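# Understanding the architecture of this molecule
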Amino acid sequence: MLLTDYVKVSNIAIDEMLFDEADLSRSMDKIELVNYHQEVEHNGIKFWAYNAGHVLGAAMFMVEIAGVRILYTGDFSRQEDRHLMAAEIPNMNVDILIVESTYGVQVHEPRIERELRFTGIVHDTVRRGGRCLIPVFALGRAQELLLILDEYWTAHPELHHIPIYYASSLAKKAMTIYKTYINMMNDRIKALADLGNPFKFKNIANLKGMSDFDDSGPCVVMASPGMLQSGLSRELFEKWCSDRRNGVLIASYCVEGTLAKHIMSEPSEITTSSGLSVPLNMSVDYISFSAHSDFIQTSEFIDILQPPHVVLVHGDANEMSRLKQSLVAKYEGKNVTVHSPKNCQTLDLEFRSEKVAKIVGSLATPLVESLVVKADPSQKEATADATDTLIKPTRRDVTVKVSGVIVRKDFAHSIMSPEELGTFTQLKTNIVNQKLSV
């Protein structure tokens with residue numbers, strides 16, 4: 001769904017596309033579905049997924065290569081919100097943690113406080129007769145904010161005559177998935193689902209486009225894209241930005257160089273898509289509902305896992321640098337090394353793992369026999385039938401010399417008789433006769 005939307009947008013904005021819809025269709029048969037915690041092995045490399053808490057279905061991946069475990073978080077969040085569970089913490093040792101650094105050393109506002117501030121700003125905007133624009137990404141944060149607004153409108157009858165719209169065809173498609181996969185969400189949503197699907201909103205309607213929009217009074221419109229770079233959110237912003245009654249509420253992460261990031265510095269005017277300069281009189285507020293890990297979440301995650309190596313990725317260079325400095329200071333004198341490689345830079349890490357070889361076939365027979373211990377009559381254990389007894393074996397340590405060939409497949413080693421190579425491997429044996437005359 002997201003890739004199809006990317007193709008549609010790329011057709012408009014990009015001259016040379018990386019792939020088209022035909023490429024997408026051909027790739028569908030190559031996709032394999034895996035569940036969280038389901039182990040998959042390919043050429044000796046094992047991997048499995050954990051819930052990442054970023055958006056519905058987001059996953060962190062644990063990759064194990066020759067006994068070395070690498071956890072790649074991708075985008076993750078350790079804070080449970082209205083519908084998502086917090087990211088899981090793997091119950092095992094991790095050798096390398098590759099973790100996002102999007103927010104660096106910033107700390108998110110507590111959830112309850114930011115929700116109160118969010119609904120308060122929206123209420124104040126429509127109460128003064130204004131239009132409230134909320135630019136959002138179509139997947140994830142849009143659904144979270146719609147849940148908050150629908151609940152708030154239900155609790156305030158005086159707002160029932162003021163419409164709320166979400167204007168994104170992708171968000172509408174995504175809503176079907178959200179309505180379906182309630183079982184993948186947190187306990188709060190599951191409890192609400194017993195009374196009815198929480199994503200069948202009572203006070204919110206879908207807006208197909210400007211032709212269907214009655215812009216005649218106060219309203220709330222949630223539109224994509226989230227950084228105001230194009231699309232309906234940009235169109236509505238340019239239309240409403242000069243009226244002091246209106247307001248724009250930035251609720252997601254913004255990248256430098258985008259209009260959403262620019263207006264957070266409250267300039268006196270902005271440049272429209274057509275190149276005109278217009279005054280910026282509408283109120284501009286920023287409340288981060290971003291489902292990316294902040295400094296507290298990231299550092300606590302590292303505290304629990306205690307990985308020897310932490311690799312910072314996915315972040316602005318300045319934020320990443322500040323996060324690295326803070327983590328280096330925090331873990332000074334401890335067995336945690338923090339790395340922040342640049343894009344395309346190779347990071348070399350050395351690990352010494354214990355190699356274990358499994359003895360198979362006929363070579364294992366004498367080994368097993370040597371480990372069989374004679375019964376010790378003094379060690380008796382009563383059974384259900386008092387007339388019978390079980391003799392408990394005693395254990396002894398033995399040393400057995402084994403002669404064979406070591407075969408390595410991927411990252412596993414086996415010891416076997418040369419005559420049995422064809423049985424346990426795809427290798428074949430040959431006999432070379434050599435005659436030497438002097």
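Each value, and the rule that gives it
Residues numbered from 1 in each chain as written. Predicted model: local features only at pLDDT ≥ 70, side-chain atom pairs only at ≥ 80, totals over all residues. Heavy atoms only, no water. Helix = DSSP H or I, 4+ residues; strand = E, 2+ residues; numbered from the N terminus. Buried < 20%, exposed > 50% of the residue type's maximum accessible area, 1.4 Å probe, protein only. Contact = heavy atoms within 4.5 Å. Axes fitted to C-alpha atoms, helices over the stretch in contact; angles between N-to-C directions. Parallel < 35°, antiparallel > 145°, perpendicular 65-115°, else oblique. Left-handed = near helix turned anticlockwise from the far one by under 90°. Nonpolar A, V, L, I, M, F, W, Y, C, P; charged D, E, K, R; others polar. Pairing = 2+ DSSP bridges. Core = buried A, V, L, I, M, F, W, Y, C linked by side-chain atoms within 4.5 Å. Disulfide = S-S within 2.5 Å.

## Here's the deal with the environment of Ala-317
Tracing the backbone through its elements, the reader meets Ala-317 in helix α10 (residues 317–330). The class for Ala-317 is exposed, based on a relative accessible area of 57%. For Ala-317 and Ser-101, which are 216 residues apart along the polypeptide, the C-alpha to C-alpha distance reads 9.3 Å.

## Details of helix α7 (residues 231–240)
Taken together, the buried positions of α7 are Leu-232, Ser-233, Arg-234, Leu-236, Phe-237 and Trp-240. Residues of α7 that are buried sit in contact with β6 (131–135), β7 (164–167), β9 (219–223), β10 (247–250), α8 (259–263) and β11 (269–271).

## Topic: the packing of helix α3 (residues 111–127) against helix α4 (residues 141–155)
At a closest axis distance of 11 Å, the pairing of α3 and α4 adopts a crossing angle of 65 degrees. Considered as vectors, α3 and α4 are oriented roughly perpendicular to each other. Between α3 and α4 lies a crossing whose hand is right-handed. Between α3, through Glu-115, Phe-118, Thr-119, Val-122 and His-123, and α4, the contact on the second element is made entirely by Glu-144, Leu-145, Ile-148, Leu-149, Tyr-152 and Trp-153. Grouping the amino acids of the contact of α3 with α4 by side-chain chemistry returns seven nonpolar, two polar and two charged.

## Brief notes about the sheet that holds strand β20 (residues 412–416)
Backbone-to-backbone hydrogen bonds pair the strands of a sheet. The strands run either parallel or antiparallel. The strand order across the open sheet built from three strands is β16-β20-β19, with neighbouring strands paired in mixed fashion. Where the open sheet ends on each side, the last strands, each with one partner, are β16 (357–359) and β19 (405–409). Adjacent strand axes in the sheet meet at a mean angle of 30 degrees when their direction is disregarded. Relative to β20, β16 runs parallel, the two being bridged by three bridges.

## Things to note about the nonpolar core
The biggest cluster of nonpolar side chains holds 38 residues, and the ones touching the most others in it are Phe-118 and Ile-134. Those elements that place two or more of their residues in this core are α3, β6, α4, β7, α5 (169–180) and β9. It is α4 that provides the largest number of residues to this core, a total of eight residues. Counting residues in hydrophobic clusters, the runner-up holds 26 residues, among them Ala-167, Phe-237, Leu-259 and Val-284.

## A word on the state of the cysteines
For the coordinates displayed, the defined rule picks out zero disulfides. The thiol of Cys-219 is unpaired, and the distance to the nearest cysteine sulfur, on Cys-132, comes to 8.7 Å. The exposure class assigned to Cys-219 is buried, which follows from its relative accessible area of 1%. Considering cysteine sulfurs only, Cys-132 is the nearest to Cys-241, which forms no disulfide, with 15 Å between them.

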